[in-house]
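Here is how the chains run, residue by residue.
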Amino acid sequence: PYAGMPKEVLLQYSEQPLWVGLRWFFLTIFIVAGLGLIAWTVFVIMTSPSCLPWWQDTVIYQIYPRSFKDSDGDGIGDIKGIHEKLGYLDDLGVKTVWLSPIFPSPMKDFGYDVSDYTGIWETFGTMDDFQRLLDAMHERGMKLILDFVPNHTSDQHEWFNKSRESVDPYTDYYVWKDCSDDNDGDGIPDTPPTNWRSVFTESMWQRDETRGQCYLHQFLVEQPDLNLRNTDVQDKLTDVIRTWLSRGVDGFRVDAIGHGLEEDSYSIDAPEAPCDPYFTQLHNYTFEYEPETLHGIIQGWRDSVLTEYSNEPEKYRFMVTEVYLPPQGLTRYYGRDGKVEADFPFNFQLISGESKYGNLPDYELTGTKTHELVDSWLKEVPARRWPNWVLGNHDNHRLPNRFNPEYSRAMVMMLMMLPGTPTTYYGEEIGMSDITPEVGKTQDPFCPDSGDPMRAPMQWSAETNAGFSDNNETDQHGWTTWLPVNTDYQQGVNVEEQQSATDSALSMYKALIGMRGLSHLAIHRGWFCYVLYNENTFAFVRELEGAPGYLITMNLGKD
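Keep in mind that this is a model prediction, so the values were computed, not measured.

Caption draft 1: Representation of the state of the cysteines in the model. Summed over all chains, the structure comprises 1 disulfide. Sulfur-sulfur distance for the disulfide between Cys 179 and Cys 214 comes to 2.1 Å. On the sign convention where negative means left-handed, the S-S torsion of about 85° between Cys 179 and Cys 214 marks this disulfide as right-handed. Residue Cys 179 is located in the loop between β4 (176–177) and β5 (205–208), and its partner Cys 214 is located in strand β6 (residues 213–216); the two are separated by 35 residues in the primary sequence. For the pair formed by Cys 179 and Cys 214, the shared burial category is buried.

Caption draft 2: Local environment of the sheet that holds strand β12 (residues 388–390). Strand order in the open sheet formed by 8 strands is β11-β8-β7-β3-β2-β1-β13-β12, with parallel pairing between adjacent strands. Across the chains shown, the open sheet's two edge strands, defined by having one partner strand only, are β11 (344–345) and β12. Sitting on the sheet, helix α12 (residues 408–417) touches β12 and β13 (421–425), and the angle it makes with β13 is about 145°.

Caption draft 3: Geometry of unusual backbone geometry. A cis geometry characterises the amide bond from Asp 168 onward to Pro 169, with omega recorded as 0°. Note that Pro 169 resides in the loop between α6 (158–164) and β4. A positive phi angle, close to 55°, is found at Glu 288, a residue other than glycine. You can see Glu 288 is positioned in the loop between β7 (251–254) and α8 (291–306). The backbone of Ala 466 shows a phi angle near 55°, a positive value even though the residue is not glycine. Relative to the helices and strands, Ala 466 resides in the loop between β13 and α13 (495–499).

Caption draft 4: Geometry of the domain arrangement of the protein. Splitting the protein by domain gives domain 1 (7–47) and domain 2 (149–346). Relative to domain 2, the C-alpha centre of domain 1 lies at a distance of 70 Å.

Caption draft 5: Summary view of the environment of Lys 108. Tracing the chain through its elements places Lys 108 in the loop between β2 (96–99) and α5 (127–139). The class of Lys 108 is partly exposed, set by a relative accessible area of 36%.

Caption draft 6: Expanded view of the pattern of salt bridges. Inspection of every chain in the model, using the stated rule, returns 22 salt bridges. Here Asp 208 and Arg 164 are joined by a salt bridge, their closest N and O atoms 2.3 Å apart. One end of the pair, Asp 208, is in strand β5; the other, Arg 164, is in helix α6, with 44 residues separating them in the sequence. Using a relative accessible area of 24% as the deciding quantity, one classes Arg 164 as partly exposed.

Caption draft 7: A look at a nonpolar patch on the surface. On the surface, Trp 24, Leu 27, Phe 30, Ile 31, Leu 35, Ile 38, Val 42 and Met 46 cluster together into a nonpolar patch covering about 920 Å² of accessible area. What makes Leu 27 partly exposed here is its relative accessible area of 39%.

Caption draft 8: The arrangement of the sheet that holds β6 in detail. Ordered in space as β4-β6-β5, the 3 strands form an open sheet in which the pairing is antiparallel. Looking at which strands have only one partner, the edges of the open sheet turn out to be β4 and β5. Pairing geometry for β5 and β6, over 4 bridges, is antiparallel. Its bridge partner lying in β6, Gln 206 is registered against Tyr 215.

Caption draft 9: Structural context of the pairing of strand β16 (residues 547–555). Relative to β16, strand β15 (residues 537–544) runs antiparallel, the two being bridged by 7 bridges. Considered in β16, the bridge of Leu 544 is made with Ala 547. With antiparallel pairing between neighbouring strands as the criterion, β15 and β16 make up a hairpin whose turn holds 2 residues, including Gly 546 at a positive phi of roughly 85°.

Caption draft 10: View of the UniProt feature "transmembrane region" (unreviewed entry) in the protein. Per the UniProt record, "transmembrane region" (unreviewed entry) is annotated on residues 24–46. In the segment residues 24–46, helix accounts for 100% and strand for 0%; the C-alpha atoms at its two ends are 33 Å apart.

Caption draft 11: Representation of the pairing of β2 in the model. Residues of β2 alternate between two faces, with Thr 96 and Trp 98 on one and Val 97 and Leu 99 on the opposite face, all of them buried. Where β2 meets strand β3 (residues 143–148), 4 bridges bridge the pair, whose relative direction is parallel. Its bridge partner being in β3, Leu 99 is matched across the sheet by Leu 146. Each parallel crossover has a hand, and for β2 linked through α5 to β3 it is right-handed.

Caption draft 12: Looking closely at α5. End to end, α5 covers 18 Å across 13 residues, agreeing with the expected 18 Å (1.5 Å per residue, within 8%). Along α5, the positions that sit buried rather than exposed are Asp 129, Phe 130, Leu 133, Leu 134, Ala 136 and Met 137. Buried residues in α5, looked at end-on, bunch into an arc of 165°, giving them a common side. Turned more than 90 degrees from where α5 packs its buried face, Asp 128 and Glu 139 sit exposed. Buried positions along α5 lie against α3 (79–84), α4 (86–92), β2, β3 and α7 (231–246). Gly 141 sits one or two residues past α5 and shows a positive phi near 80°.

Parameters and conventions
Residues numbered from 1 in each chain as written. Predicted model: local features only at pLDDT ≥ 70, side-chain atom pairs only at ≥ 80, totals over all residues. Heavy atoms only, no water. Disulfide = S-S within 2.5 Å. Helix = DSSP H or I, 4+ residues; strand = E, 2+ residues; numbered from the N terminus. Buried < 20%, exposed > 50% of the residue type's maximum accessible area, 1.4 Å probe, protein only. Pairing = 2+ DSSP bridges. Contact = heavy atoms within 4.5 Å. Axes fitted to C-alpha atoms, helices over the stretch in contact; angles between N-to-C directions. Domains from an automatic or database assignment. Salt bridge = Lys/Arg side-chain N within 4 Å of Asp/Glu carboxyl O. Patch = residues over 30% accessible without salt bridge, like charges linked within 9 Å, V, L, I, M, F, W, Y side chains within 5 Å. Areas by Shrake-Rupley, 256 points an atom, 1.4 Å probe, with all protein chains shown as cover. UniProt positions renumbered as here; feature names shortened; annotations may be inferred. Right-handed = clockwise from strand over helix to strand, strands pointing away. Expected span 1.5 Å × (residues − 1). Arc of directions from axis to C-beta.

This is how it looks when you write it as structure tokens:
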């Protein structure tokens, strides 16, 4: 062939065996290489671990807003204070924050008596403060979960005020029942409709003279129960969820949902039980009553609004439920028959000692007992559903007060290494313990003698007020913060000192969160297998084919 060769001559050359063979050779190589590349791509996709949704690939960090950081010097934590400490949480590896209630409230139950579901309590800040916090978290790739309290409101909520006046459509927003007069002036009718006992008071019934009837309250007198059978109430609560999702919130922790429904004739007395005080009764008419109806309500929140807001990539909206139940009953809150309710219900198996509600048995921390608690949960988690673990929260004593303090780090390590999502309570990362305020000098209206010792201010440094607040004015108790700071903040139990110590509880906590990432696949998503459990030892392995495995061993028991 030569330049300018006529087409007719070139075609004669192209049919020669040499050129035909070369064409077929290169075509074959191209096809084989292409098929090989496709096959390799499929192989990599099939053998690579799937991406976990954000709520499985995270540690949930609970913040009690009153106690995290005070930005304005009034001795009470606030939203700007949380914003100020986002860098600390981000550096720690925390990617999901759960805020205890931030809504307007008379604070009879520290925010769980909500007077406006869609606002911000003025002491915590403004809606603009909240939006700036949320935007800043999203810029860092962090998620924010809010508390949602559907069982009851404050007695100062607009709905209750209109309901007690029988203003439609609010007349039946709450549970009202005809009852006898209150002749002794204690608010409880002389003959209540039933003998049902409240979690916090002698009777679940309180007479309201404005309406001339009794309303039901499963908790404080100031927390009247909503009538969740009323579809208008269900729609209102759905609108509350929608409002916060439209603002960008990533999910909810649903409070006390097991108390949502009662026997609807409100006339059958509860049987007695040999416990005290709340558990002098069996609450089979007031707790988890009509489970199909109750779960249908939860399913409705999932289907009608959470799913709607979960369609965008990385915008999945999460829901976790709070119910104190043994594993066999608790796993029902995952859903049933292919229908998802909660992404998971909080698993409180590892919380021991006396809880605020008195329904968690104390136990000695042995390897055998720890195995029993872990295994009883994992055996009940439904197939293809995600486990979770909780060691502490705002209703239970801190780790060093429930266990031998020397085992606190071991328990945190177990929390982080078990399969599933761990939830931690602010201050656990530095080993904070309960405070011991003087009798009668607390902020808790329900427990004036003991208060809430697990809710003391976060200990940031060895400076005044542990760096939580720069307030120097004392209140009627002689305190400069809403609860006193634990004195051990001056003995190394603070963030600043532990950040610079490689062997501190904080350094271990940060390292453990780091090990839950993609660089340690066995812990991130690997298998779980028991190795040894006896009186003094609990050991297990996390493994994944093709990745390094890990053996976790814990000294436990009396010795």
